[in-house]
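# Remarks on the overall topology
These are the residues of each chain, in order.
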Amino acid sequence: MLTVHLTRPRGAFLLVASAWLLALVAAVLPVPPAWRVGALLGLGGVIAVAAWGGRRWLWQRMAHLRRQQAQWQLEAGVFTHAREGIMITDPQGRIVDVNAAFERLTGYTRQELVGHSPRLLDSGQHPPAYFEHQWQELKQTGLWQGEVWDRHKGGSLIATQQTISAVRDAAGRVTHFISLMSDITRLKDQERRLEHTAHYDALTGLPNRVLLADRLRQALALAPRRGLRVAVVYLDLDGFKAVNDAHGHEVGDRLLVGLANRMHQALREGDTLARLGGDEFVAVLQDLPDAHACEPLLQRLLWAASLPYDVGELTLQVSASLGVTLYPQDEEVDSDQLLRQADQAMYAAKLQGKNRYVVFDAVRDRALRGHIASVEGMRQALGRHEMVLHYQPQVNLRTGEVVGLEALVRWQHPERGLLAPAEFLPAVHDHPLECSLGQWVLESVVAQRAAWHRQGVRLPISVNISARHLQQPGFIDDLQNLLGQYPDLNPADLVLEVLESSALEDLLGVSRIMADGERRGFCFALDDFGTGYSTLTYLKRLPVAKLKIDQSFVRNLLEDPDDLAILQGVIGLAQAFGREVVAEGVETEAHGSALLWLGCDVAQGYGIAHPMPAEAVAGWTREWRAPRAWWTKDAGPSGFTA
């Protein structure tokens, strides 16, 4: 107990006072001398002990002050030398102090900040509700953490990671707020760059597949609420591979960038154009009041893709094939299904001659789904011998003579009946099975030609050959070997029709194959002539004997002066190059008369005969008679002036 008391100044004082009082009493009262000596000795001891305890307390107090001073110096050093910006405010939010790092971070000096509100740094990037939530959380929990965009004194934006803490006194009242700020501007810039890389195509700057999926999902969610429609457009450039092969990938990339920018500008502000890769793009057209509202935009896309584009000293020109599908549909479909539908329609556009758009027919797709939607379905159809050939006659309008036949493939579907090529060929376009189907057609045509030859029917037969099939290694050798099985057949009686647009995609390769076939006696025709580009430039390089004028020009020649002018030019061009002209799409007697006046003698079309089974050909050729107006020399088309 004595030791405890001696460690405290007040206890030592009381002890000394008690000892003095005892000594005084011993001196005054009549006590033995020994007691007085003892009292004095006790007084001296007490004084010594008290002095020793006071010195110990003083040493402890001084040590405590030294530790407290060191702590204050440490805290001051942290405030001064910290790399993070530190701001101290009073309970009302006025700045009391900032450290040097805060000054460097914001560009403001301490004198410019003290006494002001932190709103001096407001960047305008956050809504008022953001700071209201911050203040409410501080009041409730005494702590807030988050990211804040501030504005530097120089005007630039700075991103900071902030932690704000409330400082309270012993009574629990807030005396200050301390904010720690770290500069994360570079980190945010890097995040933006990574986000841009993740969502945008590196070459063209257009949205990529990831961002396209998000935009498409949002468009599909909003369309039913607004009572509007969305069009998904799958776009593939025609002839781009030839540009890459002829001029290299650097030129091809520059062409892609230019066309992407031009097509993007052709759309509206709210629409999306994304690049999937290569020369494939997808456009999402929003807020369409009806299905026809997208047609002007589709025409603008076709126009933007087909205009010539200068790359250095080169002037390049391609076109585009567009497949379109619309949402919502009668059945529920998701974004992946819409993309597949648009892709399928795009292939149909290529089969129909390219540089056009085809709208996906959802009703027909539902009827055929599960039967011809996959390559496997086509492979099974070939294996089950469900493919058949029909033949459409070609006649000389002037003499009435049947001069040839065109073989056209059909699918005799066991459930859906006879299907036209447009309903199943897109499924195998540019697929190895396309070559298998083409080989089956050639073998069937050659066998049928031999059978007709024995019956006395000796007519050339035209066969459509896909670009992929034509460019298979050894195509001409295989064809010659096939004809070698029928010694009575002449190679010239087999006319191989190649789409003009397909031939121009690889002009050098196709012309080399055609030249090889021509040397061996085969005859080539350029199908859908007039629908491709650079026809005048490249026609002389392709060893073709016949030019087939696309039916789209023939069908409207009686009403459309432009189609008439194209026909006149094509027929004149063919005559200049010594090529025979065959016109497709003769629907009426008047069409035939008009073609005769223009100098085109050979034609085919529904006005002459529909495609028919092989067994009907012999009877039809015996009974066919041309209209009198075609072979009467002094007759001409009523109301037509050539």
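For the structure, check the block above.
The sections below set out a description of the structure shown in this document. (Residues numbered from 1 in each chain as written. Predicted model: local features only at pLDDT ≥ 70, side-chain atom pairs only at ≥ 80, totals over all residues. Heavy atoms only, no water.)

## Some points on the sheet that holds strand S1 (residues 85–89)
In sheet architecture, strand pairing relies on hydrogen bonds along the backbone and comes in two forms, parallel and antiparallel. Spatially, five strands are ordered S2-S1-S5-S4-S3 in an open sheet, and the strand pairing comes out antiparallel. Each of the sheet's edge strands pairs with one partner strand only, and the pair in question is strand S2 (95–98) and strand S3 (143–151). Averaged over all pairs of adjacent strands, the angle between strand axes in this sheet comes to 25°, irrespective of strand direction. Here S1 runs beside strand S5 (residues 174–183); their pairing, made up of five bridges, is antiparallel. Residue pairing in the sheet places Thr89 in a bridge with Phe177 of S5. Against the sheet, helix H6 (residues 128–141) contacts S3, strand S4 (157–168) and S5, and its axis sits at roughly 150° relative to S3. (Pairing = 2+ DSSP bridges. Helix = DSSP H or I, 4+ residues; strand = E, 2+ residues; numbered from the N terminus. Axes fitted to C-alpha atoms, helices over the stretch in contact; angles between N-to-C directions. Contact = heavy atoms within 4.5 Å.)

## Considerations on the packing of helix H9 (residues 240–247) against helix H10 (residues 249–266)
Contact pair H9 / H10: the axes reach a minimum separation of 7 Å and the direction vectors enclose 140°. Classified by the interaxial angle, the pair formed by H9 and H10 is oblique. Where H9 approaches H10, its residues Phe240, Val243, Asn244 and His247 are matched on the opposing element by His249, Val251, Gly252, Leu255 and Leu256. The residue makeup of the contact of H9 with H10, split by class, is five nonpolar, four polar and no charged. (Parallel < 35°, antiparallel > 145°, perpendicular 65-115°, else oblique. Nonpolar A, V, L, I, M, F, W, Y, C, P; charged D, E, K, R; others polar.)

## Details of the side chain of Ser123
Mapped onto the fold, Ser123 is located in the loop between helix H5 (110–113) and H6. The exposure class assigned to Ser123 is buried, which follows from its relative accessible area of 6%. Within polar-contact distance, the side chain of Ser123 engages the backbone nitrogen of Gln125 at 3.2 Å. Not counting residues up to four positions away in its chain, the partners in contact with Ser123 are Trp149, Asp150, Arg151 and Leu157. (Buried < 20%, exposed > 50% of the residue type's maximum accessible area, 1.4 Å probe, protein only. Polar contact = N/O pair within 3.5 Å; in protein donor to acceptor, adjacent residues only side chain to side chain.)

## Quick word on H9
For H9, every residue scored as buried is listed here: Phe240, Ala242, Val243 and Asn244. Two residues or fewer past H9, Gly248 is found with a positive phi of approximately 95°.

## Topic: the pairing of strand S6 (residues 229–238)
S6 sits mainly inside the fold: nine of its 10 residues count as buried. Two elements, S6 and strand S8 (residues 280–288), share seven bridges in a ladder whose sense is antiparallel. What sits directly across from Val232, in S8, is Val284. As paired strands, S6 and strand S11 (residues 319–327) are joined by nine bridges and run antiparallel to one another. Looking at S11, one finds that Val233 is bridged to Val324.

## Remarks on helix H12 (residues 335–351)
Between its first and last C-alpha atoms H12 spans 25 Å; for 17 residues at 1.5 Å apiece the expected length is 24 Å, and the two agree. Taken as a whole, H12 has its buried residues at Leu338, Gln341, Ala342, Ala345, Met346, Ala348, Ala349 and Lys350. Buried residues along H12 sit in contact with helix H8 (209–226), S6, S11, strand S12 (356–359) and strand S17 (494–499). Phi turns positive one or two residues past the end of H12, at Gly353, with a value near 125°. (Expected span 1.5 Å × (residues − 1).)

## Structural notes on the pattern of salt bridges
The tally for this structure, following the rule as stated, stands at 21 salt bridges. Between Asp238 and Lys350 there is a salt bridge whose closest N-O contact spans 2.5 Å. Of this pair, Asp238 sits in strand S6 while Lys350 sits in helix H12, placing them 112 residues apart in sequence. With respect to class, Asp238 is no different from Lys350; both count as buried. The residue Arg384 makes a salt bridge to Glu386 at a minimum N-O spacing of 2.5 Å. Taking relative accessible area as the criterion, Arg384 reaches 45% and is therefore assigned partly exposed. In this structure Glu386 comes out as buried when scored by relative accessible area, which is 9%. Members of the salt-bridge network, linked through shared partners, are Glu406, Glu497, Lys548 and Glu584. (Salt bridge = Lys/Arg side-chain N within 4 Å of Asp/Glu carboxyl O.)

## Overview of the environment of Leu301
As for its placement among the helices and strands, Leu301 is situated in helix H11 (residues 295–306). For Leu301, a relative accessible area of 0% corresponds to the buried category. Through-space distance from the C-alpha of Leu301 to that of Leu235 is 9.0 Å; in sequence the pair is 66 residues apart. The residues touching Leu301, leaving out its near neighbours within four places in the chain, are Val233, Met263, Leu267, Ala283 and Leu322.

## Focus: a nonpolar patch on the surface
A contiguous nonpolar surface patch, about 190 Å² in accessible area, is contributed by Val167, Ile178 and Leu180. Within the secondary structure, Val167 sits in strand S4. (Patch = residues over 30% accessible without salt bridge, like charges linked within 9 Å, V, L, I, M, F, W, Y side chains within 5 Å. Areas by Shrake-Rupley, 256 points an atom, 1.4 Å probe, with all protein chains shown as cover.)

## Looking at the pairing of S1
Counting buried residues along S1, five of its five residues qualify, which places the element largely inside the surrounding structure. Alternating residues of S1 divide into Gly85, Met87 and Thr89 and Ile86 and Ile88, and every residue in both groups is buried. Note: S1 against S2, three bridges, orientation antiparallel. Paired with Thr89 across the strands is Ile95, a residue of S2. What sits between S1 and S2 in their antiparallel hairpin is a turn of five residues, with Gly93 showing a positive phi close to 95°.

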